[in-house]
Amino acid sequence: MENPNTPSGTKSNAEKHRFKLGIAFITTALVVTIGTLLLCSQSNPPYAGLFFVPFAFGPLAVTAVLSCVLLSTRAQTMLTISSVVYALWFGYIYAQAFYINPDPQSPIAFLFIGIYAVPVLAIFWIAAGLTQWRATKHGSSEGGRTQNEDHPSSPRDR
């Protein structure tokens, strides 16, 4: 077994690139789950609400993938904020469609909700990518563990 505190400070690639569920992924999964349940609760039969899920939550698939790739703290924060902003947008449209201005054709709004949100979400995605790139470019500890952090004599361990 390899000692993780070797002087060279290296770890195996399997340990470096483990799948890590960040807060952004968990938040995104919760938004999709709760939104899907809300859509299904308004449908008759309930499974008919599943038709709208790819349209309504398609952009959050991009957020989920990015949250698995961009693991720096700031990137995770930005992706979490984007999921929360999308949840608020979805909640607003949901309330408008089913409670404030109910209409038999209101569910059509869920076919376009994701498309309308993409420009705003793209700003968050690009910002998260740039913060991850900046963190790894400058070798900060935020982008992941650097070789100096693994070494027992790093300033962080003192």
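See above for the structure.
Calculation rules
Residues numbered from 1 in each chain as written. Predicted model: local features only at pLDDT ≥ 70, side-chain atom pairs only at ≥ 80, totals over all residues. Heavy atoms only, no water. Helix = DSSP H or I, 4+ residues; strand = E, 2+ residues; numbered from the N terminus. Phe/Tyr/Trp six-rings, centres within 6.5 Å; stacked < 30°, edge-to-face > 60°. Polar contact = N/O pair within 3.5 Å; in protein donor to acceptor, adjacent residues only side chain to side chain. Contact = heavy atoms within 4.5 Å. Core = buried A, V, L, I, M, F, W, Y, C linked by side-chain atoms within 4.5 Å. Buried < 20%, exposed > 50% of the residue type's maximum accessible area, 1.4 Å probe, protein only. Expected span 1.5 Å × (residues − 1). Bend = angle between axes of the 7 residues up to and from the residue.

Caption draft 1: Structural context of unusual backbone geometry. The omega angle of the peptide bond from Asn 44 to Pro 45 is 0°, so this bond is cis rather than trans. Locating Pro 45 in the fold gives a position in the loop between α2 (23–41) and α3 (53–69).

Caption draft 2: Representation of the packing of aromatic side chains. Evaluated as defined, the whole model comprises 13 aromatic pairs. Through pairs of rings, three or more aromatic residues link up here, namely Phe 51, Phe 52, Phe 55, Phe 57, Tyr 86, Phe 90, Tyr 94, Phe 98, Tyr 99 and Phe 110.

Caption draft 3: Structural view of the side chain of Thr 131. For Thr 131, the location among the structural elements is in helix α5 (residues 109–137). Reaching out from Thr 131, the side chain makes a polar contact with the backbone oxygen of Ala 128 at a distance of 2.8 Å. Setting aside its immediate chain neighbours within four residues, Thr 131 contacts Ser 72, Arg 74, Ala 75 and Met 78.

Caption draft 4: Quick peek at the nonpolar core. If you look at the biggest cluster of nonpolar residues, it comprises 23 residues, and the most contacted ones within it are Leu 39, Phe 57, Tyr 86, Phe 90, Phe 110 and Ile 113. Elements represented by at least two residues in this core include exactly α2, α3, α4 (73–100) and α5. Here this core takes eight residues from α4, the largest share from any one element. Setting aside residues no more than four positions away along its own chain, Phe 90 makes contact with Gly 35, Leu 38, Leu 39, Ala 56, Phe 57, Phe 110 and Ile 113.

Caption draft 5: Structural detail: α3. The first and last C-alpha atoms of α3 sit 23 Å apart over 17 residues, in line with the 24 Å expected at 1.5 Å per residue. In α3, a bend of some 40° at Pro 59 exceeds every other bend along the element. Listed in full, the buried residues belonging to α3 are Val 53, Ala 56, Phe 57, Pro 59, Leu 60, Thr 63, Ala 64 and Ser 67. Looking at the buried side of α3, the elements it contacts are α2, α4 and α5.

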